[in-house]
Amino acid sequence: MLIENDANRWQRLLVSGVLFVVVGAMVYKNTMLIGTLDSVLQALFTNNHPNATGGMKTLMTLISFLGEPKLDLVWAFLIAFLLWGFKYKIPALWSLGVIIGGDALGTIAKHLVKRARPAQHMAADNGYSFPSGHVLGAFLVAGILMLVVIPLIQRAAVRVICQLLLIFYVVLLAISRVYLYAHFPMDTVGAMLLAYTWLQVAEYLYVIIAPRLSHWQLVANSQY
């Protein structure tokens, strides 16, 4: 089975879930600590002139575009399509459930916290700011690849390189969202915490449900 039972999963779920709730509550209350952290990190990663043009802004805009929530759905459906074609039908369905469920949780969190975006944000970046939908979706897509796609690669060195590239991309996407004034830094941190928490839940469900689904005609002969 691609995702095995893990006795420590509930500990990771508890830690990440509690951290997300704490960060979300502090953002909702607009505490001094959150404001300070956002200010310090913004100073490190943002352009002092949000309307400026140049190579860095072009790069950050491209990275941000590739991480749009709509494209995350496209990536997830593409991954599921390929998994299905290679007889990994149950992981394919699980992948779709992960991205759809994660997006739903992100939307709920946004409407509970109702944090406004940075004053300098572009008009295209509307809606609430916490957590970042871009980072949430990208983290989930990366998680899907790490859990059910990369393990299928035979060479260990290639698996490690792919994992490092995925981590680098998610971090770079988070930086791009801050750089473009689309989000406060803690919005991206909150998105990662929520995505990680949801992945722990999804992994637990996979371990329970996958063996049962294997008896369904729809996913007959599926590897999982």
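Since the structure is predicted, the reported quantities are computational estimates derived from the model, not experimental observations. (Residues numbered from 1 in each chain as written. Predicted model: local features only at pLDDT ≥ 70, side-chain atom pairs only at ≥ 80, totals over all residues. Heavy atoms only, no water.)

Engineer: I'd like to hear about the packing of helix α5 (residues 89–113) against helix α6 (residues 133–149), residue by residue, with values.
Structural biologist: The geometry of a pair of packed helices is captured by two quantities: the angle between their axes and the separation between those axes. Relative to each other, α5 and α6 sit at 160°, their axes nearing to 10 Å. Overall, the two elements α5 and α6 adopt an arrangement that is roughly antiparallel. Seen from above, α5 lies across α6 with right-handed handedness. Seen from α5, the contacting residues are Pro 91, Trp 94, Ser 95, Val 98, Ile 99, Gly 102, Gly 106 and Lys 110; seen from α6, they are Gly 133, Leu 136, Gly 137, Leu 140, Val 141, Ile 144, Leu 147 and Val 148. (Axes fitted to C-alpha atoms, helices over the stretch in contact; angles between N-to-C directions. Helix = DSSP H or I, 4+ residues; strand = E, 2+ residues; numbered from the N terminus. Parallel < 35°, antiparallel > 145°, perpendicular 65-115°, else oblique. Left-handed = near helix turned anticlockwise from the far one by under 90°. Contact = heavy atoms within 4.5 Å.)

Engineer: Give me the lowdown on the pattern of salt bridges, citing residues and values where you can.
Structural biologist: For the coordinates displayed, the defined rule picks out four salt bridges. The partner of Arg 12 in a salt bridge is Asp 6, with the nearest N and O atoms 3.0 Å apart. For the salt bridge of Asp 187 with Arg 115, the shortest nitrogen-to-oxygen distance reads 2.8 Å. Residue Asp 187 is located in helix α8 (residues 185–213), and its partner Arg 115 is located in the loop between α5 and α6; the two are separated by 72 residues in the primary sequence. Taking the relative accessible area as the measure of exposure, Asp 187 reaches 0% and is therefore buried. (Salt bridge = Lys/Arg side-chain N within 4 Å of Asp/Glu carboxyl O. Buried < 20%, exposed > 50% of the residue type's maximum accessible area, 1.4 Å probe, protein only.)

Engineer: Just give me the short version of helix α4 (residues 69–85), but keep the residues and values in it.
Structural biologist: In this model, α4 (17 residues) spans 24 Å end to end at C-alpha, consistent with the 24 Å of a helix rising 1.5 Å per residue. Buried residues of α4: Leu 71, Asp 72, Ala 76, Ile 79, Ala 80 and Leu 83, and no others. The elements touched by buried residues of α4 are α3 (55–66), α5 and α6. With its phi angle positive at about 70°, Lys 87 sits one or two positions after the end of α4. (Expected span 1.5 Å × (residues − 1).)

Engineer: Would you mind going over unusual backbone geometry in detail, with residue names and values included?
Structural biologist: A cis amide bond, omega -5°, links Phe 130 with the succeeding residue Pro 131. As for its position among the elements, Pro 131 is in the loop between α5 and α6. Backbone geometry at Asn 30 places phi at a positive 55°, although glycine is not the residue there. Secondary-structure assignment places Asn 30 in the loop between α1 (9–29) and α2 (32–45).

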